[in-house]
Amino acid sequence: MKVTELVAEFARPIVEAHGCELWDVEYVREGSEYFLRLYLDKEGGVDINDCEAVSRAVDPILDEKDPIPGSYHFEVCSAGLERVLKRPGDFQRFLGSPITVKLYRPRNGLKEIPCVLKEYDAGKLTVEAGKETITFEKSEVAQVRLRVEF
């Protein structure tokens, strides 16, 4: 089991007990340092108090379960308004929402396409960009992120 899955398994009930949803768990290397991040979501938005409460509750369990050899920084943050969509449920939840699709290779000269999410089916993404409907195969898409319009 991956570190992120293991941490999600024991962190999820704690996060939910604090009135939040566990949006994502990330374990990444940045420079010479490693970071374990929990991303939270909740109706009306996550604030600093939510992050602090979840951090204080999860930290001792991380010490006890010790899922990561070596040192790392532990952070709890909001998933944010322009969060990354990863799981099929994320895409279903945000159908009709403005998104930005980042591609591995440019299409019509663009690697980032602002559009609206219309359909998601087994990794295949259908969007509306202007008056055009475009379907992307999973293999073309590097990242999909919600887009906030002001």
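Everything in this summary refers to the structure shown in the same document. These numbers were taken from a predicted model, which means no experiment stands behind them. (Residues numbered from 1 in each chain as written. Predicted model: local features only at pLDDT ≥ 70, side-chain atom pairs only at ≥ 80, totals over all residues. Heavy atoms only, no water.)

What follows concerns the overall build of the protein chain. A tally of regular secondary structure across the protein chain gives three helices and eight strands. When its helices and strands are written in sequence order, the protein chain yields α-β-β-α-β-α-β-β-β-β-β. Looking at the protein chain as a whole, 37% of its 150 residues are labelled buried. At a minimum sequence separation of 6, the contacts of the protein chain that also span at least 24 residues come to 51%. In the structure as shown, the protein chain presents an accessible area of about 9,100 Å², 48% of it carried by carbon and sulfur atoms. Charge centroids of the protein chain, computed over 21 positive and 28 negative side chains, lie 6 Å from each other. (Helix = DSSP H or I, 4+ residues; strand = E, 2+ residues; numbered from the N terminus. Buried < 20%, exposed > 50% of the residue type's maximum accessible area, 1.4 Å probe, protein only. Contact = heavy atoms within 4.5 Å. Areas by Shrake-Rupley, 256 points an atom, 1.4 Å probe, with all protein chains shown as cover. Lys, Arg positive; Asp, Glu negative; His and termini not counted. Charge placed at Lys NZ, Arg CZ, Asp CG, Glu CD.)

So, on to the sheet that holds strand β3 (residues 73-78). One open sheet holds the three strands; their spatial order is β1-β2-β3, and the pairing between them is mixed. Looking at strand neighbours, the two that pair on one side only are β1 (21-30) and β3, the edges of this open sheet. Shown here is a sheet whose adjacent strand axes are inclined to one another by a mean of 20 degrees, direction ignored. Bridge count for strand β2 (residues 33-41) against β3 is six bridges, and the pairing is parallel. Note that in β3 the partner of Phe-35 across the bridge is His-73. Contacting β1 and β2, helix α1 (residues 3-17) runs over the sheet at an angle of about 145 degrees to β1. Across the sheet, helix α2 (residues 48-65) lies against β2 and β3, angled at about 145 degrees from β3, the strand it touches most. (Pairing = 2+ DSSP bridges. Axes fitted to C-alpha atoms, helices over the stretch in contact; angles between N-to-C directions.)

With the rule as written, the count across this model stands at three aromatic pairs. Measuring from ring centre to ring centre gives 6.2 Å for Trp-23 and Phe-94, while their planes differ by 70 degrees; the resulting arrangement is edge-to-face. Here Trp-23, found in strand β1, pairs with Phe-94, found in the loop between α3 (88-93) and β4 (98-107); they are 71 residues apart in sequence, far enough to count as distant. Ring geometry for Tyr-27 and Tyr-34: centres 5.6 Å apart, planes at 20 degrees, overall stacked. A relative accessible area of 28% means that Tyr-27 is categorised as partly exposed. Given the relative accessible area of 32%, Tyr-34 is considered partly exposed. We note Arg-83 situated over the ring of Trp-23; from NZ or CZ to the ring centre the distance is 4.6 Å. The ring of Trp-23 has Arg-87 sitting right over it, with the charged end atom 5.4 Å from the ring centre. (Phe/Tyr/Trp six-rings, centres within 6.5 Å; stacked < 30°, edge-to-face > 60°. Lys NZ or Arg CZ within 6 Å of the ring centre and 35° of its normal.)

Next up on the list: the pattern of salt bridges. For the coordinates displayed, the defined rule picks out 15 salt bridges. In this structure, Arg-93 and Glu-21 form a salt bridge, with 3.1 Å as the shortest nitrogen-oxygen distance. Of the two residues, Arg-93 sits in helix α3 while Glu-21 sits in strand β1, which places them 72 residues apart along the sequence. Owing to a relative accessible area of 43%, Arg-93 belongs among the partly exposed residues under this scheme. (Salt bridge = Lys/Arg side-chain N within 4 Å of Asp/Glu carboxyl O.)

What follows covers the sheet that holds strand β8 (residues 141-146). Across the sheet, which stays open at both edges, the five strands sit in the order β7-β6-β5-β4-β8 with antiparallel pairing between neighbours. Of all the strands in the sheet, just β7 (132-136) and β8 have a single pairing partner and so form its edges. Strand after strand, the sheet turns through a mean of 40 degrees between neighbouring axes, direction not considered. Strand direction decides the pairing type here: β4 and strand β5 (residues 110-121), joined by six bridges, are antiparallel. Across the sheet, the residue bridging to Pro-98 is Val-116, located in β5.

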